[in-house]
Amino acid sequence: MSNFNDNLINEIKDKNDIIDVISSYISVIKKGRNYVCLCPFHNDTNPSMHISPDKQIYKCFSCGAGGNVISFVKDYEHITYREALAKLAQKAGINIDGVSLNYDKPQSANPNKKYYEINQLGLNLFSYLLTEEIGMAAYQYLEERHINNEIINKFNIGFGGNDELLLGLLKAKEIDFNDAAIIGMLRIVDNNYLNTYHDRIIYPIIDIDNNVLGFTARLLSGNGPKYINSVESIIFDKASIFYNINNAYQKALEDKEIYIVEGPNDVIAFSRAGIDNVVCVMGTSLSNNHLKLLKQMNINSIILGFDGDEAGQKANYHAIDLSSKNNFRTSYLDFDKLDPDEYLNKYGISKFLENIKNSCSSLEFKINYEFSLINTNNYSEKKKLVVKLINDINNNLDTFDRYYYYEYISKLSGISNEVINTYVDSKKEFIKEQNGSINTYQEVSNLNNDIDNASAIVLFFMINNKKYFEYFKNEVGSFANEFYRNIFNIISACYLNNDIFELSGLYNRNIDDNIIDFLANLTLQIDSKLYADEQSFFDAIIVLKKLEELYVNEKRLIALKNNEKDPIIQAKYIDELLKNNQNINEIKFKILNK
C-alpha cells in the first residue's frame, strides 16, 4: 500500500472548501470577505472564530485554535490526521483505494511495543496476586478505604507481590530483565534484579489507547517512600501524562471539563461519588505538556482539587496561574484542609457532592492564598498586597466583577471598601492626566510597536500578491528582526515555484506555531483599515526603513553616552539623542493616522 503524498493531500484540500466543510458541522455567518462562527474548541459565547475563504484557513482569536480544512475535521471529530484525510477524500469523491490509512511503520515495528507488553504482563500478574492469599493484607487495606471489587476492576488495581513471582513470570515469558529495568519494573541492586513494586499496592497508568505506560505504587508495610512512580523512560514522562485518563477521556470530551486532583485515591474518591472525568498528576506540578493534552481534547474548564495541606495549596496556586495563562476557565474545590479521599470517608457522598457544587472561583482562591502568605497585622505588607490585587483585578475583569472583588478584598484586609474605591478612582484620574501629555520618551518607547505595525503591513501585502514580495526583496532585501526575517524566508520559499502564497499548506509542515499564528492573524485582517490600499504598503516600507535607522542610531548614542566620562562630550551625545527623538516625532506615520 502507498501512503498519502503531498499531491494527494493538496488535491483533498483543494476539493473541500473550508466554508462548506465547517458549515456542515456548525453555523457560520458572513462578515465582510470572511466568515465568523462560535468556536467549537472552547466554550464560546461570542463568535471568535474567523474563517478565510481566500486562504482556506480558520483561526480563533480567543483560544488560539487554527488550521486548514483537514485539521478542523481532525480536531472536531477527535480522529487522526489520516482518518480526517480519508473522510474528506470520500466527501470529495477522491479514490484512495490502495492508500494506507495507518502510520508509515506497522504497529509491530513500534519500538515502544515491547515495553507496553512488559507492563501489561506485569499488570496481569499484579491483578491476580491481589485476589490470592499473598495479597490479602493489600485487599483488606483497600476494603478499609471503601474500595470494593467493582472499583478494583475499573481501575485495574493490583498487588506487587515479591521478587520471586515477578522474576519467575518474566523469565517464563523470555523477557529480557534489562528491558524490564529500563521501564522501572525491575531495579538492579548489587548486580541482582529485584521487583521495584515489592509489597506495594499497584495503580496502573493507562493511556487513551489502553497502553500501560507505568505504575504508581503505594507501600503497604515496611520502610521506604509511601508512593513511588515508574522511572522516567521512553514511555513514561510524568510531566505529560495523567493517571486515569483512560477512564476520564470520554466524559471529559462530552463535558469539555475535567477535575484534576493530587493522587490515585483522590481520583477513586470522585469515582465513588459518580464523577468519572477526573485525573491526577504523577507526583509533579501541572505542566504546559499536561495542558497541551487537554487542549487537544478541546477541554476548556478545569476544576482543581489538590490536597488541603501547604503543599497542596501551593500546587493549586501554580495550577491556577498556569491554566489561566493558557486560557482555561479554572475553579477550586475546598475540602476543609483534607484531601478528597479523606473528606469523602469522613462526611459521605452527599456532602462530598454538595461541596463540589460550591466550588469557588480561581481568583477567590488566589486572593485567599496570597493573604495567607503575609502578616496581616503588618500594615505595610497588607497595603502592598491590596494594591497588587487591585491592579490585577483592574487589568483582567469587567466592572461588575471588579466591584465584587474590591468588597472581597475589603473583608479580608480590614481596609474599608470606601478607601479601596477612592484609591481606584484616584488612580484612574492619574492615568487620564498622564495620557493627556505623552512626552518624547513615551514616543521612543513606542518605536518597536511602530516597527511591528509597519512590518505586519508589509508582510500582509507580500502574502497576498507576489509583486509586493518582489518589490520588497529588491528595495529592502529582508528584515533586521529575526522573527520577521524567518517569515520572509518562508514566503520566499513558497514563491520560489509558485505565483501564489498558500497559508493552508503550512499547517502540514514543521513550522513554528508562533509563525503560523502570526500569518493566520495577518490573513484575517483583510477588513482592517490599516490594510485598505496599496499606498499603505509603500508608506510602511518608508516608515520601516526610517524607524529602524532611528532605532539603531538611538541605541548607538545611548551606548556612547553611557561609556563617556567627560561631561561635555556626554552633553553632546544627549543633544544628539534629543535631535534623534525629534526626528521620530516628525515622522508622519500615515498608516496609523488613517
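Please refer to the structure placed before this passage.
Residues numbered from 1 in each chain as written. Predicted model: local features only at pLDDT ≥ 70, side-chain atom pairs only at ≥ 80, totals over all residues. Heavy atoms only, no water.

S.K.: Give me the overall build of the protein chain: which residues, what numbers.
M.R.: Of the regular secondary structure elements, the protein chain holds 27 helices and 16 strands. When each of the 594 residues of the protein chain is scored for burial, the buried share is 45%. The long-range share in the protein chain, meaning contacts at least 24 apart out of those at least 6 apart in sequence, stands at 63%. Roughly 31,000 Å² of accessible area belongs to the protein chain as shown, and the carbon and sulfur atoms make up 47% of that amount. (Helix = DSSP H or I, 4+ residues; strand = E, 2+ residues; numbered from the N terminus. Buried < 20%, exposed > 50% of the residue type's maximum accessible area, 1.4 Å probe, protein only. Contact = heavy atoms within 4.5 Å. Areas by Shrake-Rupley, 256 points an atom, 1.4 Å probe, with all protein chains shown as cover.)

S.K.: Tell me about the packing of helix 5 (residues 113–130) against helix 8 (residues 163–172), and please be specific about residues and values.
M.R.: At a minimum axis separation of 11 Å, helix 5 and helix 8 run at an interaxial angle of 135°. Relative to helix 8, the element helix 5 lies oblique. In the packing of helix 5 onto helix 8, the handedness of the crossing is right-handed. Residue-level inspection shows Ile 118, Leu 121, Leu 125, Phe 126 and Leu 129 of helix 5 in contact with helix 8, the latter providing Leu 165, Leu 166, Leu 169 and Leu 170. Broken down by class, the residue content of the contact of helix 5 with helix 8 amounts to nine nonpolar, no polar and no charged. (Axes fitted to C-alpha atoms, helices over the stretch in contact; angles between N-to-C directions. Parallel < 35°, antiparallel > 145°, perpendicular 65-115°, else oblique. Left-handed = near helix turned anticlockwise from the far one by under 90°. Nonpolar A, V, L, I, M, F, W, Y, C, P; charged D, E, K, R; others polar.)

S.K.: Provide a residue-level description of the sheet that holds strand 10 (residues 212–219), including the pertinent values.
M.R.: In spatial order, the strands read 6-9-10-11; together these four strands make up an open sheet with antiparallel pairing. Only two strands of the sheet have a single partner each, and these edge strands are strand 6 (158–159) and strand 11 (227–229). Pairing analysis gives three bridges linking strand 10 to strand 11, with the strands arranged antiparallel. Bridge pairing links Ala 217 to Ile 228 in strand 11. (Pairing = 2+ DSSP bridges.)

S.K.: Describe the nonpolar core, naming the residues involved and giving the relevant values.
M.R.: One finds Leu 142, Ile 157, Tyr 243 and Phe 270 to be the most contacted residues of the largest nonpolar core, which totals 60 residues. Broken down by element, the residue count for this core peaks at nine residues, all from helix 5. Apart from residues no more than four positions distant in its own chain, Phe 270 is found in contact with Tyr 259, Val 261, Ile 275, Val 278, Leu 333, Phe 335, Pro 340, Phe 352 and Ile 356. Within the second largest apolar cluster, 36 residues are counted, among which are Ile 487, Phe 488, Ile 490 and Ile 541. (Core = buried A, V, L, I, M, F, W, Y, C linked by side-chain atoms within 4.5 Å.)

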